[in-house]
Amino acid sequence: MMTRRRFIKIFCALPLFVCLPGLAESITGVATLKDGYARRLKKILAAGDLPYIDIESSCNSRKLDIEFVAKRMDRLNIGLMALSADIGHGQFRDGVVFDPLSERLLASYPDRFIPVGNGGQSPALTEATDSFLDAQEAAVRDRKILLLGEYEFRHYPSPRQVKRGELDRDVQLPIDGPIGHRVFSFSEKTGVPFQIHYEIEDELLAPLEQMLAQYPKARVIWCHLAQIRYIERASRYTPTYVEALLNRFPNLYFDTAFGDANSIYPLSNQRHARVWANDGALLPAWRDLIAACPSRFLSALDLGGDRIERIVEYDQNHRNFLKRLPAQVQHQVAYRNAWSLLFGEEFA
Ligand SMILES: [Zn+2]
């Protein structure tokens, strides 16, 4: 007969989303959320439209117009959104290390927002590392969030920051440094996925591979498939390379937040969304890769605090990508993969 101690030991070796016996109430909460999410996705599907789960968008919670986003999601048939709060300098000065935006979102619209932690970026991540990560991890343990991120390990200034002359967001945190080990290790122990922003450069690939090898159960979403800002720095990153990574690391995912074919990264003057041909077609090698590994790619818009109001344009851009995939794969990338990643079961 199994002892209670042995039972708990086995129970807690499972990913967090199926365990933690002391948190039955929270698990009931997740089950209720799941019911609402499923109803919403099925309603959009029944109307003949394709819903998707935006796994990666962010905002400034102090400026967010929740009603605006919720209404646009309805109009655009966006199924669910993981809308993360970035902790800005103002909030940080006020002592904020955890922004409970997800609770506010769920209080108003429990059927469309996925509770997610805060953006892992400066200043909170870099200047108050332990208290920031303690708070994110506590929120996971309390079942207040189902996902972590996006953590910025290597991040060039964004195109909009370049336009505003804000060149200070040139982030370089070693992925195999203390923060990387803590986040990978936490994900491995709990089963909770996390997103990384990690620019594509030849010399950055080996440390990431080493971390994926060291933490094979960490569930990593590498954001922005094939977004290469400086092609001369990224000779190794090809569809063949990505396929080899996916084959080696079964818990690695990619999100598909990238610009359209004409999007230019201003600091290099290059078209940084490398999945596109110059004529706007999806390059066959990238399409074939997604079709060959259809369970490993996720829909994402990458809305941000300075571009939430452009949700219609971002939606059109993303749908222009989705429609170029084989029909069945569209459904996997759009919502099925995110569903199984978050809930450990197929969407049914
Ligand atoms: Zn990013």
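Up top is the structure these notes are about.
In short, a report on the structure. Values in this document were obtained by computation on a predicted structure and should not be read as measured data. (Residues numbered from 1 in each chain as written. Predicted model: local features only at pLDDT ≥ 70, side-chain atom pairs only at ≥ 80, totals over all residues.)

It is worth spelling out the nonpolar core at this point. The biggest cluster of nonpolar side chains holds 86 residues, and the ones touching the most others in it are Met81, Ile114, Leu147, Phe194, Leu298 and Ala338. When residues no more than four places from it in sequence are discounted, the contact partners of Ala338 are Ile53, Ile55, Leu298 and Ser299. (Core = buried A, V, L, I, M, F, W, Y, C linked by C-beta atoms within 7 Å. Buried ≥ 20, exposed ≤ 12 C-beta atoms within 10 Å, placed from the backbone. Contact = placed C-beta atoms within 7 Å.)

With mixed pairing, 6 strands are arranged side by side in an open sheet as E4-E3-E5-E6-E7-E10. Only two strands of the sheet have a single neighbouring strand rather than two, namely strand E4 (171-172) and strand E10 (297-298). Strand direction decides the pairing type here: strand E6 (residues 220-222) and strand E7 (residues 252-255), joined by 3 bridges, are parallel. Residue pairing in the sheet places Trp222 in a bridge with Phe254 of E7. (Pairing = 2+ DSSP bridges. Helix = DSSP H or I, 4+ residues; strand = E, 2+ residues; numbered from the N terminus.)

Looking at the element boundaries, Gln270 is found in strand E9 (residues 270-271). Spatially, the C-alpha atoms of Gln270 and Ile231 are 8.0 Å apart, while their sequence positions differ by 39 residues. Residues contacting Gln270, with those up to four places away along its chain left out, are Arg229, Tyr230, Ile231, Ile264 and Tyr265.

So, on to the pairing of strand E1 (residues 53-59). Across the 7 residues of E1, 7 count as buried, placing the element largely inside the fold. In this structure, E1 lies alongside strand E2 (residues 80-85), joined through 5 bridges in parallel fashion. Bridge assignment links Ser58 to a residue of E2, and that residue is Ser84. Taken together, E1, helix H3 (residues 66-76) and E2 constitute a β-α-β crossover, and its handedness is right-handed. (Right-handed = clockwise from strand over helix to strand, strands pointing away.)

One way to put it is that helix H11 (residues 239-248) packs onto helix H12 (residues 284-292) with a least axis distance of 9 Å and a crossing angle of 15 degrees. Comparing the axis directions of H11 and H12 gives the class roughly parallel. Crossing geometry of H11 relative to H12 is assigned as right-handed. Of the residues in H12, those touching H11 at Pro239, Val242 and Glu243 are Ala285, Trp286, Leu289 and Ala292. Of the residues in the contact of H11 with H12, the class split is 6 nonpolar, no polar and 1 charged. (Axes fitted to C-alpha atoms, helices over the stretch in contact; angles between N-to-C directions. Parallel < 35°, antiparallel > 145°, perpendicular 65-115°, else oblique. Left-handed = near helix turned anticlockwise from the far one by under 90°. Nonpolar A, V, L, I, M, F, W, Y, C, P; charged D, E, K, R; others polar.)

In this structure, the amide linkage connecting Ser122 to the following residue, Pro123, adopts the cis form with an omega of 0 degrees. Within the secondary structure layout, Pro123 lies in the loop between helix H5 (101-108) and helix H6 (124-127). Residue Glu150 follows Gly149 across a cis peptide bond; omega there is 5 degrees. Topologically, Glu150 is positioned in strand E3 (residues 148-155). Even without being glycine, Arg143 reaches a positive phi, approximately 60 degrees. Here Arg143 shows up in the loop between helix H7 (129-141) and E3.

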